[in-house]
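# Remarks on the overall topology
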Amino acid sequence: MLSMDSSLHIEVTPNTDPVSPERLAEILDAPGFGNHFTDHMFRCEWTPDRGWHEPRVVPYAPLSLDPATAVLHYAQEIFEGMKAYRHEDGSVWTFRPEENAARMVRSARRLALPELPVDTFVASVDALVRTDERWVPQPAGEKSLYVRPFMFASEAFLGVRPAQHVTYLVIASPAGAYFAKGVKPVSIWLSEEYTRAGRGGMGAAKTGGNYASSLVAQQEATEQGCDQVVFLDSGEGRYVEELGGMNLYFVHDDGTIVTPETSGTILEGITRSSIIELCGKLGHHVEERPVSIDEWREGVGTGRVREVFACGTAAVVTPVGRLKWRGGEAGVDETGPVTAQVRTALVDIQYGRAEDTFGWMHRVR
Ligand SMILES: *Cc1c(COP(=O)(O)O)cnc(C)c1O
């Protein structure tokens, strides 16, 4: 078995037909989100007898999959999402990549996939970002290179059991601001029919299945004129969990900042946990506890809840404006001061404009 420790050798096969500098400039000018992909991808495979093997960077290309490939039938798949940021001095950095690596290990355990060692994960992201460094945009307008590591059951077999052939890939896509509207409050639809995770389910794993189950609720949100959907706990339909792909924060009138506690049904966002630490440094008191939908609904009416924001790698920190449900709506339409302060503090660390006192940034180039 090949060991994949930090000395691991990653073979690079250059793309002989890379995107032209002119076309790249056009793409980086207005990247959008998830539309364009870099010239290369990282790839390695796992089998029970060989473990993880043949780590390599190869030209970005379509995959050829047998129609019986297990992931297409049973959704044994996990992913991560992170960004590479260019600083003013030209250097390139990622944000807490070991945290993404550790979460991917936890997701792998839940989905009965093989664990990818933390240092292999970090090395894979570093290798791809270094190879495609010219794709990391200049920092203006909060542009970045979004990196998507993922792992899936690539065995061609229709029996139901953990796959004996697994593929791990990393692809990357230049990104502008996640929401087309920019940093303006988003509106949220309260899903009362659908939930995203139940006790003992996959809510804490970053897996495509959770997104598949959220889409119909997101569709309902769009029909209701809302940007995003919020899910409640599946047991009582009473406690706020999270959005389809972002965690939530509430700022109270006494200055306390509250975020729903993670108890297996909420995805443990790295942005979420970083904000807890950041708020401590900014002098805010943070509580992790259950938050009922009534506390939100009534709180914005009485003024007890001053600000609501959502957070995640893709959209960083996004103010939440209106909450809409069958029968009513409540909320505010401007970005609150604490939301703006937290957002700026985090983004400034990521883009190297503020000192990284937490040691969160990882230099790639
Ligand atoms: C990825 C994700 C988040 C945000 O996690 P970050 O690590 O902050 O990007 C929140 N909720 C869900 C469901 C997610 O998949």
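Placed above this text is the structure.
Residues numbered from 1 in each chain as written. Predicted model: local features only at pLDDT ≥ 70, side-chain atom pairs only at ≥ 80, totals over all residues. Heavy atoms only, no water.

## What to know about the packing of helix H3 (residues 97-110) against helix H4 (residues 118-131)
Interaxial distance between H3 and H4 falls to 9 Å at its minimum, and their mutual angle equals 125°. Considering the angle they form, H3 stands oblique to H4. Here the hand of the crossing between H3 and H4 comes out right-handed. Across the interface between the two elements, Pro97, Glu98, Asn100, Ala101, Ala102 and Met104 from H3 touch Val118, Phe121 and Val122 from H4. (Axes fitted to C-alpha atoms, helices over the stretch in contact; angles between N-to-C directions. Helix = DSSP H or I, 4+ residues; strand = E, 2+ residues; numbered from the N terminus. Parallel < 35°, antiparallel > 145°, perpendicular 65-115°, else oblique. Left-handed = near helix turned anticlockwise from the far one by under 90°. Contact = heavy atoms within 4.5 Å.)

## A few points about the side chain of Ser191
Structurally, the position occupied by Ser191 is in the loop between strand E9 (186-190) and helix H5 (208-223). Polar side-chain contacts of Ser191 include one of 3.0 Å to the backbone oxygen of Tyr194. When sequence neighbours within four positions are dropped, the list of residues in contact with Ser191 reads Ala217, Val229, Val230, Phe231 and Leu232. (Polar contact = N/O pair within 3.5 Å; in protein donor to acceptor, adjacent residues only side chain to side chain.)

## Structural notes on the nonpolar core
Counting 49 residues, the largest nonpolar core has Trp52, Phe121, Val129, Met151 and Tyr168 as the members making the most contacts within it. If one sorts the elements of this core by residue count, H4 sits on top with seven residues. Setting aside residues no more than four positions away along its own chain, Phe121 makes contact with Glu80, Met82, Pro97, Asn100, Ala101, Met104, Leu116, Pro149 and Tyr168. With 24 residues, the next largest nonpolar core counts Cys279, Val347, Tyr351 and Trp360 among its residues. (Core = buried A, V, L, I, M, F, W, Y, C linked by side-chain atoms within 4.5 Å. Buried < 20%, exposed > 50% of the residue type's maximum accessible area, 1.4 Å probe, protein only.)

## Section: the packing of helix H6 (residues 270-281) against helix H8 (residues 337-350)
In contact at an axis separation of 11 Å, H6 and H8 are set at 105° when each is read in the N-to-C sense. Here H6 lies roughly perpendicular to H8, going by the angle between them. Here Thr271, Ile275, Leu278 and Cys279 of H6 lie close against H8, whose contacting residues are Val342, Ala345, Leu346 and Ile349.

No statement about biological role is implied by the geometric values presented.
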